[in-house]
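Listed below are the residues making up each chain.
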Amino acid sequence: MTTVNDPAVVAEVTDLYLQYEEALCNNNLEVMDNLFWDAPEVVRFGITENLYGGDEIRNFRASRPNPKIEREISNLKVVTFGNDTATVTLEFRRIINGVERFGRQSQTWYKFAEGWKVVSAHVSLLPV
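Please read these numbers as outputs of a predicted model, since none were measured by experiment. (Residues numbered from 1 in each chain as written. Predicted model: local features only at pLDDT ≥ 70, side-chain atom pairs only at ≥ 80, totals over all residues. Heavy atoms only, no water.)

A.B. asks: It is not clear to me how the sheet that holds strand 5 (residues 99-112) should be interpreted in this structure. Could you clarify?
C.D. replies: Hydrogen bonding along the main chain pairs the strands of a sheet, whether they run parallel or antiparallel. Across the sheet, six strands lie side by side as 2-1-6-5-4-3; this open sheet has mixed pairing. Single-partner strands in this sheet number two, and they are strand 2 (50-52) and strand 3 (71-81). Ignoring strand direction, the axes of neighbouring strands in this sheet form an average angle of 15 degrees. Pairing of strand 5 with strand 6 (residues 115-125), which is carried by 10 bridges, proceeds in the antiparallel orientation. By the bridge assignment for strand 6, lysine 111 is matched with tryptophan 116. Each of strand 3, strand 4 (85-96), strand 5 and strand 6 touches helix 1 (residues 7-25); the most contacted strand, strand 3, lies at about 150 degrees to it. Sitting on the sheet, helix 3 (residues 54-63) touches strand 1 (43-45) and strand 2, and the angle it makes with strand 2 is about 130 degrees. (Pairing = 2+ DSSP bridges. Helix = DSSP H or I, 4+ residues; strand = E, 2+ residues; numbered from the N terminus. Axes fitted to C-alpha atoms, helices over the stretch in contact; angles between N-to-C directions. Contact = heavy atoms within 4.5 Å.)

A.B. asks: Can you walk me through the packing of aromatic side chains in this structure?
C.D. replies: Aromatic ring pairs are defined here through the distance separating the ring centres and the angle between the ring planes. Here the structure, examined in full by the defined rule, presents five aromatic pairs. Ring geometry for tryptophan 37 versus phenylalanine 112: centroids 5.2 Å apart, planes at 25 degrees, classification stacked. Taken as a pair, tryptophan 37 in the loop between helix 2 (29-35) and strand 1 and phenylalanine 112 in strand 5 lie far apart in primary sequence, 75 residues in all. Classification of phenylalanine 112 by relative accessible area gives partly exposed; the value is 22%. For the pair phenylalanine 45 and tyrosine 52, a centre-to-centre distance of 5.8 Å together with 75 degrees between the ring planes defines the contact as edge-to-face. Judged by relative accessible area, which is 29%, phenylalanine 45 ranks as partly exposed. The partly exposed category is assigned to tyrosine 52, whose relative accessible area is 46%. Over the ring of phenylalanine 36 we find arginine 61, and its NZ or CZ is 4.4 Å from the ring centre. (Phe/Tyr/Trp six-rings, centres within 6.5 Å; stacked < 30°, edge-to-face > 60°. Buried < 20%, exposed > 50% of the residue type's maximum accessible area, 1.4 Å probe, protein only. Lys NZ or Arg CZ within 6 Å of the ring centre and 35° of its normal.)

Put into structure tokens, the structure is as follows:
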């Protein structure tokens, strides 16, 4: 039977997610790239883009016109399945062009031999 939410695994993935959040807000491309699976199968659906594979994700991040993202997160939930699979979900609040916006984010993480990696990610904004 698969163990759901082993406290040690939840803590490990939560710490990694918080590293990702800090890297996202400070546009630390090296950390973000390191935490994402570098494979053709990785997917990131963003607010305005659908990215398939590590190259597309890296290229998007490197060319983003406003790379610093200031936001407040809430309702961060980490759910783990066994020792190698996890989901991370959260809500966020941002000011975009002077307008308060609310959004959601979800990620699926998998623990490879080299460590935990995001294998699928989704970011969306709620309608104004």
